[in-house]
Amino acid sequence: MFPRDFLSLPFYFVLFSVFSALFGACVGSFLNVCIYRMPREESVVRPRSHCPHCGVLIPWHQNIPVLSWVFLRGKCASCKGPIAIRYMLVEMLTATLFLAVFLKWAIPGDLHLLPVSHPAMVPVYWLFVAGLILGTFIDFDHYILPDTVTVGGMVVGPLLSMALPALHGREVWWQGGGMSLLGMAVGFGLLLTVSFLGEKAFKKEAMGFGDVKLIGAIGAFLGWKAVLFTIFVSSFLGSVIGLLLILFRRGKLQGRIPFGPYLSMGAVIWIFYGPALVGVYLRLMR
């Protein structure tokens with residue numbers, strides 16, 4: 001049996017850090033399957049992973065996250081067809097964020113860990129981050145946000161908030177659930193209003209309904225303050241990147257720009273730095 005303060009030991013810190021990264025890479029590998037198959041309405045379970053070019057099933061030793069892509073040099077072992085580098089990047093991104101989430105609630109100091117106040121928040125944020133990655137890359141490819149991420153987030157968020165009210169800085173289950181519902185209502189209502197006004201002003205769809213549902217899911221997990229922060233940061237990031245794309249292409253930006261990825265980036269920034277950034281901003285305003 002582990003000692004009560006086992007997380008304060010350096011060995012366990014390294015062990016759990018490595019586990020977080022490896023587990024994140026494995027989850028990223030599964031997310032790659034979901035990103036490819038869900039928009040095509042294919043099962044994410046059967047058949048097993050296979051080459052998109054020749055259809056040959058990929059054996060387990062050629063399906064190791066990150067390493068297999070590197071050793072095979074981004075090509076199928078059977079037909080030598082190219083395998084996009086994005087598969088490896090999704091796995092690395094997921095591994096990095098899973099590790100960062102663990103470190104956020106288990107910070108090393110003087111070769112020891114500070115006490116973990118709410119370790120159950122780690123798997124909850126792992127689930128949340130995985131959903132954001134899934135929605136982001138599907139939105140990049142197909143300009144849609146699956147209901148599995150958006151509606152699922154609005155359903156699961158309040159349930160987890162009641163089970164773990166510390167997600168919203170509360171101690172009682174109904175307070176956690178109430179803050180979750182408030183965050184969902186604020187996020188959903190704000191972007192729905194923006195979408196409605198934009199459609200009236202520009203006589204065309206200004207924002208997809210998937211984005212409205214996504215910010216509702218973000219509010220359900222993170223609360224109303226995170227919603228305001230996410231909308232501001234995502235709008236800023238979207239504007240800057242949009243201007244850079246226009247300058248790079250030396251002309252008008254053609255086609256649609258998915259907003260879901262920017263909402264996801266804003267939510268991730270809130271998880272790690274949001275309250276601190278808001279504190280800095282308020283001090284500067286004073």
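The structure we're discussing is the one just above.
The structure presented is a predicted model; accordingly, all values stated were derived computationally and were not measured. (Residues numbered from 1 in each chain as written. Predicted model: local features only at pLDDT ≥ 70, side-chain atom pairs only at ≥ 80, totals over all residues. Heavy atoms only, no water.)

1. Examining the overall build of the protein chain
Next, step 1: Within the protein chain one finds nine helices and two strands.
Next, step 2: Taken from the N to the C terminus, the helices and strands of the protein chain come in the order α-α-α-β-β-α-α-α-α-α-α.
Next, step 3: Of all 286 residues assigned to the protein chain, the portion counted as buried reaches 41%.
Next, step 4: Contacts in the protein chain between residues far apart in sequence, at least 24 positions, make up 67% of those at least 6 positions apart. (Helix = DSSP H or I, 4+ residues; strand = E, 2+ residues; numbered from the N terminus. Buried < 20%, exposed > 50% of the residue type's maximum accessible area, 1.4 Å probe, protein only. Contact = heavy atoms within 4.5 Å.)

2. What to know about a nonpolar patch on the surface
Next, step 1: Taken together, the side chains of Leu127, Val151, Val155, Val156, Leu159, Met162, Val172, Trp173 and Trp174 present a nonpolar region at the surface, about 820 Å² in accessible area.
Next, step 2: Elements represented by at least two residues in the nonpolar patch include exactly α5 (150-163) and α6 (173-202).
Next, step 3: The element contributing the most residues to the nonpolar patch is α5, with five residues.
Next, step 4: With respect to the helices and strands, Leu159 occurs in helix α5. (Patch = residues over 30% accessible without salt bridge, like charges linked within 9 Å, V, L, I, M, F, W, Y side chains within 5 Å. Areas by Shrake-Rupley, 256 points an atom, 1.4 Å probe, with all protein chains shown as cover. Salt bridge = Lys/Arg side-chain N within 4 Å of Asp/Glu carboxyl O.)

3. Considerations on helix α9 (residues 260-285)
Next, step 1: Between its first and last C-alpha atoms α9 spans 30 Å; for 26 residues at 1.5 Å apiece the expected length is 38 Å, and the helix comes up short by more than 12%.
Next, step 2: At Tyr273, α9 shows its largest bend, some 80°, and a proline, Pro275, comes one to four positions later. (Expected span 1.5 Å × (residues − 1). Bend = angle between axes of the 7 residues up to and from the residue.)

4. So, unusual backbone geometry
Next, step 1: With omega at -5°, the peptide bond leading from Arg46 into Pro47 counts as cis.
Next, step 2: A positive phi is found at Glu41, a non-glycine position, where the angle reads about 55°.
Next, step 3: As for its placement among the helices and strands, Glu41 is situated in the loop between α1 (10-37) and α2 (67-71).
Next, step 4: Looking at Glu41, the relative accessible area reads 77%, which means it is exposed.

5. Thoughts on the packing of aromatic side chains
Next, step 1: Across all of its chains, the model carries eleven aromatic pairs by this definition.
Next, step 2: On the numbers, 5.3 Å between centres and 55° between planes, the contact of Phe229 with Trp270 is tilted. Within this pair, whereas Phe229 is found in helix α8 (residues 224-249), its partner Trp270 is found in helix α9, the two being separated by 41 residues in sequence. Across this residue pair, the class does not change: Phe229 and Trp270 are buried.
Next, step 3: Counting every residue linked through ring pairs, the aromatic cluster contains Phe19, Phe23, Phe98 and Trp126.
Next, step 4: Lying across the ring of Tyr36, Arg40 places its NZ or CZ 4.0 Å from the centre. (Phe/Tyr/Trp six-rings, centres within 6.5 Å; stacked < 30°, edge-to-face > 60°. Lys NZ or Arg CZ within 6 Å of the ring centre and 35° of its normal.)

6. With respect to the pattern of salt bridges
Next, step 1: Taken as a whole and judged by the stated rule, the model has two salt bridges.
Next, step 2: One salt bridge in this structure joins Arg86 and Asp141, with 2.7 Å as the shortest N-O distance. In this pair, Arg86 sits in helix α3 (residues 86-104) while Asp141 sits in helix α4 (residues 121-142), placing the two residues 55 residues apart along the sequence.
Next, step 3: Here Arg86 falls in the partly exposed class, since its relative accessible area comes to 29%.
Next, step 4: Of the residues examined, Asp141 reaches a relative accessible area of 38% and is grouped as partly exposed.
Next, step 5: Across the pair Lys213 and Asp147 runs a salt bridge whose closest N-O atoms are separated by 2.6 Å. Within this pair, whereas Lys213 is found in helix α7 (residues 209-222), its partner Asp147 is found in the loop between α4 and α5, the two being separated by 66 residues in sequence.
Next, step 6: For Lys213, a relative accessible area of 13% gives the class buried.

7. Overview of the side chain of Thr150
Next, step 1: Mapping Thr150 onto the fold places it in helix α5.
Next, step 2: You can call Thr150 buried: its relative accessible area is 0%.
Next, step 3: Not counting residues within four places of it along the chain, the set of residues in contact with Thr150 comprises Leu145, Gly210, Lys213, Leu214 and Ala217.

8. Details of the nonpolar core
Next, step 1: By size, the foremost hydrophobic cluster in this structure holds 48 residues, and its most contacted members are Val101, Tyr125, Phe128, Ile218, Leu222 and Ile271.
Next, step 2: For this core, the elements supplying multiple residues, two or more each, are α1, α3, α4, α7, α8 and α9.
Next, step 3: Examining the composition of this core, we find that 13 residues originate from one element, α4, more than from any other.
Next, step 4: Those residues within four positions of Leu222 in sequence are excluded, and the remaining contacts are Tyr125, Phe128, His168, Ala267, Trp270 and Ile271. (Core = buried A, V, L, I, M, F, W, Y, C linked by side-chain atoms within 4.5 Å.)

9. Focus on the state of the cysteines
Next, step 1: Within the structure shown, the criterion is met by zero disulfides.
Next, step 2: Cys54 carries a free sulfur, and the closest cysteine sulfur to it, the one in Cys79, is 3.7 Å from it. (Disulfide = S-S within 2.5 Å.)

10. A word on the packing of α5 against α7
Next, step 1: Viewed as axis vectors pointing N to C, α5 and α7 meet at an angle of 15°, and their least axial separation amounts to 8 Å. With respect to α7, the element α5 is oriented roughly parallel. Of the two elements, α5 crosses α7, and the hand of that crossing is left-handed. Residues Thr150, Val151, Gly153, Met154, Val156, Gly157, Pro158, Leu160 and Ser161 of α5 pack against Gly210, Lys213, Leu214, Gly216, Ala217, Ala220 and Phe221 of α7. (Axes fitted to C-alpha atoms, helices over the stretch in contact; angles between N-to-C directions. Parallel < 35°, antiparallel > 145°, perpendicular 65-115°, else oblique. Left-handed = near helix turned anticlockwise from the far one by under 90°.)

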